[in-house]
Amino acid sequence: MRYTEEHWELLHALRDRARRVVETLSQLGLEGWVHGSVARGDVRPGSDVDVFVPTPVSPHVVDAFMDTAPFEVVGVTAVLPTPRDCVRIKVAMEEDIEVTFPITPPTDRELEFFDFSGKLTPDSLKLDERVPGVDKRLRMIEPEPWGHVEYSILGREGEAATKLGVSTQLVHERVRALTRRDKVGVQGVHAKVEGRPGEPVIELLRELGRRNPKAAEKLSELGV
């Protein structure tokens with residue numbers, strides 16, 4: 001796919017928003033990974049800016065981020081996606097921006113996912129790099145100077161794993177998950193509590209723990 005001038009302008013606008021978020025995280029001593037289409041380059045109108053902090057964060061640091069966020073905070077959610085995942089806080093901002101903060105340590109599998117979908121570290125973002133990754137259609141996106149080439153990874157899982165530097169196991173797992181989603185629709189998360197902008201994150205986490213035993217078990221190790 002050869003990108004139009006409008007496509008490049010949209011990509012640059014989305015990346016400018018991502019840079020502002022990543023710079024704010026940096027001021028708090030945090031690294032932020034930009035992942036998905038903004039990292040790969042295959043954006044379209046309505047594309048989100050997704051940022052993930054790869055290290056566990058104190059609830060008070062999330063509060064500090066929301067106080068200094070470069071865009072208006074419109075929602076905050078405590079989430080345990082599956083029983084084996086980390087507890088996380090998702091901060092939604094205007095302009096379709098979402099920052100995810102792990103509260104408990106993410107697993108290697110969770111971190112590996114971002115290499116599968118395509119991620120930019122702060123340094124890569126500064127250099128305006130684009131990286132390969134797999135989209136929700138299970139198509140590999142490989143950046144080129146003029147745009148990107150894409151192809152299905154079905155039947156090419158091993159090749160995709162090698163190209164992205166991830167395990168073949170993860171690739172097969174994502175294939176199963178996304179294929180199932182196409183057949184039965186998007187599935188809900190294991191546990192979720194939605195809060196209001198300005199509400200202390202610690203209260204959201206406590207409510208999540210009250211509602212879900214697995215979340216309570218994970219949070220108890222942090223004294224929450």
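On a predicted model such as this, the values are computed, not experimentally measured, just so you know.

Enquirer: Explain the overall build of the chain to me, and be specific about the residues and the numbers.
Expert: Looking only at helices and strands, the chain has 9 helices and 10 strands in total. Expected size for 224 residues packed as a compact globule is a radius of gyration near 17 Å; at 18 Å, the chain falls within 12% of this value. By its C-alpha atoms, the chain is 50 × 35 × 30 Å across when sized along the principal axes. Counting every position in the chain, which comprises 224 residues, the buried fraction comes to 46%. Considering only residue pairs separated by 6 or more positions, the chain has 60% of its internal contacts joining residues 24 or more positions apart. For the chain, the exposed surface amounts to about 11,200 Å²; the carbon and sulfur share of it is 48%.

Enquirer: For helix 1 (residues 5-27), give the residues involved together with the corresponding values.
Expert: Given a rise of 1.5 Å per residue, 23 residues ought to cover 33 Å, and the 33 Å separating the end C-alpha atoms of helix 1 matches this to within 8%. Listed as buried for helix 1 are His7, Leu11, Leu14, Arg15, Ala18, Val21, Val22, Thr24 and Leu25. Two residues or fewer after helix 1 comes Gly29, characterised by a positive phi angle close to 80°.

Enquirer: Let's hear about the packing of helix 3 (residues 59-68) against helix 8 (residues 201-211): which residues, and what values?
Expert: Axis separation between helix 3 and helix 8 bottoms out at 8 Å; the angle between their running directions is 130°. As summarised for this structure, helix 3 and helix 8 are arranged oblique, according to the angle between their axes. In contact with Pro59, Val62, Asp63 and Met66 of helix 3, helix 8 contributes Val201, Ile202 and Leu205. Here the contact of helix 3 with helix 8 is built from residues that sort into 6 nonpolar, no polar and 1 charged.

Enquirer: An account of the pattern of salt bridges is needed here, citing residue identities and associated values.
Expert: Counting across every chain of the model gives 21 salt bridges. Where Arg17 meets Glu95, a salt bridge forms, and the shortest distance between an N and an O atom there is 3.5 Å. Highlighted residues: Arg17 in helix 1 and Glu95 in the loop between strand 4 (88-93) and strand 5 (97-102), separated in sequence by 78 residues. Across the salt bridge formed by Arg211 and Glu207, the nearest N and O atoms sit 2.9 Å from each other.

Enquirer: Account for the environment of His60, naming residues and giving values.
Expert: Positionally, His60 belongs in helix 3. Along the chain, His60 and Met1 lie 59 residues apart, while their C-alpha atoms are 44 Å from each other.

Enquirer: Give a description of unusual backbone geometry that names residues and reports values.
Expert: The phi dihedral of Glu95 falls on the positive side, at around 70°, and the residue is not glycine. Its relative accessible area of 39% is what places Glu95 among the partly exposed residues. At Leu138, a residue that is not glycine, the phi angle is positive and equals roughly 65°. Along the chain, the position of Leu138 falls in the loop between strand 7 (133-134) and strand 8 (139-144). Judged by relative accessible area, Leu138 falls into the buried class, the value being 5%.

What counts as what
Residues numbered from 1 in each chain as written. Predicted model: local features only at pLDDT ≥ 70, side-chain atom pairs only at ≥ 80, totals over all residues. Heavy atoms only, no water. Helix = DSSP H or I, 4+ residues; strand = E, 2+ residues; numbered from the N terminus. Rg over C-alpha atoms; globule rule 2.2 N^0.38 Å. Buried < 20%, exposed > 50% of the residue type's maximum accessible area, 1.4 Å probe, protein only. Contact = heavy atoms within 4.5 Å. Areas by Shrake-Rupley, 256 points an atom, 1.4 Å probe, with all protein chains shown as cover. Expected span 1.5 Å × (residues − 1). Axes fitted to C-alpha atoms, helices over the stretch in contact; angles between N-to-C directions. Parallel < 35°, antiparallel > 145°, perpendicular 65-115°, else oblique. Nonpolar A, V, L, I, M, F, W, Y, C, P; charged D, E, K, R; others polar. Salt bridge = Lys/Arg side-chain N within 4 Å of Asp/Glu carboxyl O.

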